[in-house]
Every structure is written in C-alpha cells, then in structure tokens.
Amino acid sequence: MAGLMSSSAGRAVPLNVEKAVAQATDADVVAALPAVIQDEPAAKHVGDGVASFYGAELAGNRTASGERFNPRALTAAHRSLPLGSKLRVTNKKNGRSVVVRINDRGPFHKGRLIDVSYAAAQEISMVSAGEASVKLELLR
C-alpha cells in the first residue's frame, strides 16, 4: 500500500489523485464549473412593512407549528405564509438581511407585518429600535 500513497502536507494522498491534479489544465477546471453560479436562491417579493421582535418572555411557549419558541433560533411569525417557509427579511434602513423560517402566526398588532425572533432581530440590527421597516422575500 505504501507504493500507492504519497505524503502531501502530512496527509496520505493516493498517487492517482496527485497525478490527476498535476496533469489538470485550466480547461479541465473551467469545464467542471456550472454554467450559472447562484449565490442566493431565487426569491419572490412578498411585502414591505414593519417588523417587530419577540424574545425571552415567550421562550418555551408552543408556536403554531407545534415546536417550542426559542429566541436564539432564526424564526418568525407571519399571518399567512405557510409554516416552514424560508423568508429573507431585510432591514431597509441598513440593508442587513437574515433568513428566517416561519414557525408561528402573527403579529396581531395593527400595522406590523412580521414578528422575528430576538436572534433574527440582532442579525438585522433592530433590537435597540424595537421595530424596523423591512422588505420580505420568500425563498424558493
């Protein structure tokens, strides 16, 4: 087996892999790349409005999905989007965004579009203000 392996940076590497890497050309690398590179999944704009957040006061309570609320999880409450949906929430004031999973219903406060968890609110820097103007995009 020793004849079939080579040492590379302290790791044993099969000789056929080393040989293939040594013989690879730029054309081989380019041919292996996908035709389209997407950084983020396609998204559908589903609304603009005011977001608020809920934190430790509701920790452990059951959500509409049946799971227990965890303020450290990236989750949110929305009135109508399907439970389990992934949603990108972008703070319009600073451009910061976070992807959350819808696991609850709400908010039930007039004029609010979404309630995000404390962790999600931290990600988009809205904790000190308590609420923020946001853009919502449903990820496909």
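Residues numbered from 1 in each chain as written. Predicted model: local features only at pLDDT ≥ 70, side-chain atom pairs only at ≥ 80, totals over all residues. Heavy atoms only, no water.

**Considerations on the sheet that holds strand 5 (residues 86-91)**
- Read once around its circumference, the closed barrel built from six strands follows the order 3-7-4-6-5-8, with strand pairing classed as mixed. Along the sheet, successive strands turn relative to each other by an average axial angle of 45°, direction set aside.
- Sheet topology note: the strand 3 (residues 43-54)/strand 8 (residues 131-139) ladder contains nine bridges and is antiparallel. Bridge assignment links His45 to a residue of strand 8, and that residue is Glu137. (Pairing = 2+ DSSP bridges. Helix = DSSP H or I, 4+ residues; strand = E, 2+ residues; numbered from the N terminus. Axes fitted to C-alpha atoms, helices over the stretch in contact; angles between N-to-C directions.)

**Some remarks on the pairing of strand 6 (residues 97-104)**
- Bridging between strand 4 (residues 75-77) and strand 6 involves three bridges; their strand directions are parallel. Its bridge partner lying in strand 6, Ala77 is registered against Asp104.
- Looking at chain direction, strand 5 and strand 6 are connected through five bridges and run antiparallel. Paired with Arg88 across the strands is Val99, a residue of strand 6.
- Counted along the chain from strand 5 to the antiparallel partner strand 6, the turn is five residues long, and its residue Gly95 has a positive phi close to 80°.

**Some details on the pattern of salt bridges**
- Enumeration over the complete set of coordinates arrives at four salt bridges.
- One salt bridge connects Lys92 with Asp48, and the closest N-O pair in it is separated by 3.2 Å. Here Lys92 is found in the loop between strand 5 and strand 6, whereas its partner Asp48 is found in strand 3, with 44 residues between them in sequence.
- In this structure Asp48 comes out as partly exposed when scored by relative accessible area, which is 40%.
- Note that Glu131 and Arg112 form a salt bridge whose closest N and O atoms lie 3.4 Å from each other. One end of the pair, Glu131, is in strand 8; the other, Arg112, is in strand 7 (residues 112-117), and 19 residues separate them in sequence. (Salt bridge = Lys/Arg side-chain N within 4 Å of Asp/Glu carboxyl O. Buried < 20%, exposed > 50% of the residue type's maximum accessible area, 1.4 Å probe, protein only.)

**Some remarks on the pairing of strand 3**
- Relative to strand 7, strand 3 is paired through five bridges, and the arrangement is parallel. When the bridges of strand 7 are listed, Ala51 appears paired with Ile114.

**Some points on the side chain of Asp115**
- Among the secondary structure elements, Asp115 is positioned in strand 7.
- This buried residue, Asp115, is left without a salt bridge; Arg112 holds the nearest opposite charge, at 5.0 Å.
- A distance of 2.2 Å separates the side chain of Asp115 from the side chain of Ser52, its partner in a polar contact.
- Ignoring sequence-local partners within four residues, the contact set of Asp115 consists of Ser52, Phe53, Tyr54, Ala76, Ala77 and Pro107. (Lys, Arg positive; Asp, Glu negative; His and termini not counted. Polar contact = N/O pair within 3.5 Å; in protein donor to acceptor, adjacent residues only side chain to side chain. Contact = heavy atoms within 4.5 Å.)

**Concerning the nonpolar core**
- Among the nonpolar cores identified, the biggest contains 18 residues, and Leu87, Val89, Ile114, Val116 and Val134 are the most heavily contacted of them.
- Broken down by secondary-structure element, the contributors of at least two residues to this core are strand 5, strand 6, strand 7, helix 3 (118-123) and strand 8.
- Dropping the residues within four chain positions of it, Val134 is found in contact with Gly47, Asp48, Gly49, Ala51, Val89, Thr90, Asn91, Lys92, Ile114 and Ile124. (Core = buried A, V, L, I, M, F, W, Y, C linked by side-chain atoms within 4.5 Å.)

**Examining the confidence of the model for the protein**
- Looking at the protein as a whole, the pLDDT averages 82, with 71% of positions reaching at least 70.
- Of the regions scoring below 50 in pLDDT, residues 4-8 engages in 15 contacts with residues more than four places distant in sequence or in other chains.
- Low pLDDT, under 50, characterises residues 28-35; the predicted model gives this stretch one contact beyond four residues in sequence or across chains. (pLDDT = per-residue confidence, 0-100.)

**Re unusual backbone geometry**
- The omega angle of the peptide bond from Gly106 to Pro107 is -5°, so this bond is cis rather than trans.
- Considering the arrangement of structural elements, one finds Pro107 in the loop between strand 6 and strand 7.
- Positive phi outside glycine occurs at Ser125, with the angle close to 55°.
- By secondary structure assignment, the location of Ser125 is in the loop between helix 3 and strand 8.

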